[in-house]
Amino acid sequence: MMDRIVRFAGCLRRPGWAAICCAMVWAGTAKADYRDSIAVLRIGMVETHVAATDPVKLEAIQRAFANDLGIPVEIIKLGSYAALIDAHASGRVGYAIHSARSFAATQAACGCVRAFRIPVAADGSTGFRSVLVARDSITIPVAELKVGYSDETSVSGWQIPHQAIKAGSLDLPELIRGGSVSAVIASYQAGEIDGFFGWLPDIPGDRGGGLERLFGGWNRTALENAEPLRIIWSSQRIPYGPHAANRSLPDDLVEALGTFLDGMAASTPGLLDIFEPAYGGGYVIPGPEEYQNISGLVEAMPDRQSASNLP
């Protein structure tokens with residue numbers, strides 16, 4: 001750096017050579033990028049991720065990132081989302097694959113992470129909405145309904161509705177704990193509850209919100225064979241868990257990561273299925289306020305290990 005300063009000073013003493021000399025100095029400076037400052041990129045993912053359970057898949061992902069970025073890459077497997085939150089907040093990993101809640105918890109802990117891509121599901125959705133559905137024939141107030149939910153760790157089935165009830169935007173019904181989505185649907189079919197909390201994919205530009213996509217279309221046959229449902233309450237959109245970078249990572253590295261993710265399906269066929277098994281539609285760039293409306297879920301988490309990828 002001192003050598004560049006001396007050369008720059010020389011440029012000023014020789015006006016005739018100023019343009020050429022200074023251009024040479026700054027050209028050398030422009031070549032510096034993240035490869036000069038990042039010795040190894042550490043990527044954090046929970047060990048329940050499909051790729052993390054298979055050494056061959058893990059090696060394929062590691063090699064693909066390293067080849068594209070031009071720097072060594074190490075994937076760090078964490079035993080829980082609590083461990084992922086801690087590792088990312090402390091800077092032990094620079095880039096992590098989060099759930100929506102674990103990202104919000106990390107941001108609340110340190111303010112040191114930024115979401116740079118959101119996965120897109122095969123149906124085009126980039127998030128979901130929690131909904132309360134009830135028998136179409138029922139007209140009684142929400143406060144008089146018997147409403148089923150899976151369990152307290154469910155984002156769509158408990159955490160989001162619970163926040164809405166606390167905020168006063170949703171009346172408190174009689175809540176019936178089912179223990180699982182299957183049990184809740186069975187209770188509905190048996191006439192033991194009037195409705196239940198679930199989720200619908202949120203697809204940009206789609207105004208339909210058809211109930212055929214309830215729970216992402218899972219258990220659709222069972223629901224079609226039950227009494228017709230209607231939506232009587234819907235939450236705000238909750239984006240899917242992001243790919244996020246520690247703010248200490250250089251901007252050009254984060255940009256390179258985003259570009260690699262965007263082109264993953266075309267440049268490395270099959271890798272997207274390994275790296276993003278729960279989705280399959282690529283990635284989009286999140287808006288600046290994308291995850292603000294889920295900050296309340298951090299307080300609602302019974303423990304940080306319950307922060308899952310799924311609604």
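Going by the structure above, here's the rest.
First things first, this report covers the structure right here in the doc. (Residues numbered from 1 in each chain as written. Predicted model: local features only at pLDDT ≥ 70, side-chain atom pairs only at ≥ 80, totals over all residues. Heavy atoms only, no water.)

### Considering unusual backbone geometry
Now for step 1: Notably, Phe-215 is not glycine yet its phi reads approximately 55°, a positive angle.
Now for step 2: Taking relative accessible area as the criterion, Phe-215 reaches 9% and is therefore assigned buried. (Buried < 20%, exposed > 50% of the residue type's maximum accessible area, 1.4 Å probe, protein only.)

### Re the pairing of strand β11 (residues 243-246)
Now for step 1: Across the two faces of β11 the burial is the same, with His-243 and Ala-245 and Ala-244 and Asn-246 all buried.
Now for step 2: Both strand β3 (residues 95-97) and β11 contribute to a ladder of three bridges, which runs antiparallel. Looking at the pairing, Ala-96 lines up with Ala-244 of β11. (Helix = DSSP H or I, 4+ residues; strand = E, 2+ residues; numbered from the N terminus. Pairing = 2+ DSSP bridges.)

### Points about the side chain of Asp-151
Now for step 1: With respect to the helices and strands, Asp-151 occurs in the loop between β6 (146-149) and α6 (155-167).
Now for step 2: One buried charged side chain, Asp-151, makes no salt bridge at all; its nearest oppositely charged neighbour is Arg-177, positioned 4.8 Å away.
Now for step 3: Separated by 2.6 Å, the side chains of Asp-151 and Thr-153 make a polar contact.
Now for step 4: Setting aside residues no more than four positions away along its own chain, Asp-151 makes contact with Trp-158, Arg-177 and Gly-179. (Lys, Arg positive; Asp, Glu negative; His and termini not counted. Salt bridge = Lys/Arg side-chain N within 4 Å of Asp/Glu carboxyl O. Polar contact = N/O pair within 3.5 Å; in protein donor to acceptor, adjacent residues only side chain to side chain. Contact = heavy atoms within 4.5 Å.)

### Re helix α3 (residues 55-69)
Now for step 1: With 15 residues, α3 should cover 21 Å at 1.5 Å per step; its first-to-last C-alpha distance of 21 Å lies within 8% of that length.
Now for step 2: The secondary structure elements touched by the buried residues of α3 are β1 (41-46), β2 (73-78), β3, α9 (251-262), α10 (264-267) and α11 (271-275).
Now for step 3: Where α3 begins, one side-chain oxygen reaches toward the backbone nitrogen of Val-56, 2.9 Å away; that side chain belongs to Asp-54.
Now for step 4: A positive backbone phi angle near 80° is found at Gly-70, which sits one or two residues after α3. (Expected span 1.5 Å × (residues − 1).)

### Some details on the pairing of strand β8 (residues 195-202)
Now for step 1: Across the eight residues that make up β8, a large majority, eight, are buried.
Now for step 2: Both strand β5 (residues 127-135) and β8 contribute to a ladder of eight bridges, which runs antiparallel. Bridging across to β8, Val-131 finds its partner in Gly-198.
Now for step 3: Bridge analysis of β6 against β8 gives two bridges, and the strand direction is parallel.

### Some remarks on the state of the cysteines
Now for step 1: Applying the stated criterion across every chain yields a total of one disulfide.
Now for step 2: Each disulfide pairs two cysteine sulfurs, and for Cys-110 the partner residue is Cys-112, the sulfurs being separated by 2.0 Å. A torsion of -75° about the S-S bond marks the disulfide between Cys-110 and Cys-112 as left-handed.
Now for step 3: You can call Cys-110 partly exposed: its relative accessible area is 31%. (Disulfide = S-S within 2.5 Å.)

### Section: the nonpolar core
Now for step 1: Judged by nonpolar contacts, the single largest core of 48 residues is most densely connected at Leu-170, Phe-196 and Leu-214.
Now for step 2: Setting aside residues no more than four positions away along its own chain, Leu-214 makes contact with Val-131, Val-133, Phe-196, Trp-199, Leu-200, Leu-223 and Leu-229.
Now for step 3: If you look at the next biggest cluster of nonpolar residues, it comprises 31 residues, including Tyr-95, Ile-97, Leu-271 and Leu-272. (Core = buried A, V, L, I, M, F, W, Y, C linked by side-chain atoms within 4.5 Å.)

### A short note on the pattern of salt bridges
Now for step 1: Summed over the entire model, instances satisfying the criterion amount to 12 salt bridges.
Now for step 2: In this structure, Asp-136 and Arg-230 form a salt bridge, with 3.8 Å as the shortest nitrogen-oxygen distance. On the criterion of sequence distance, the pair formed by Asp-136 in the loop between β5 and β6 and Arg-230 in strand β9 (residues 229-234) is long-range, its members being 94 residues apart.
Now for step 3: Under the relative-accessibility criterion, Asp-136 is labelled partly exposed at 45%.
Now for step 4: Linked through salt bridges whose partners overlap, the residues forming this network are Arg-129, Asp-202, Arg-237 and Glu-290.

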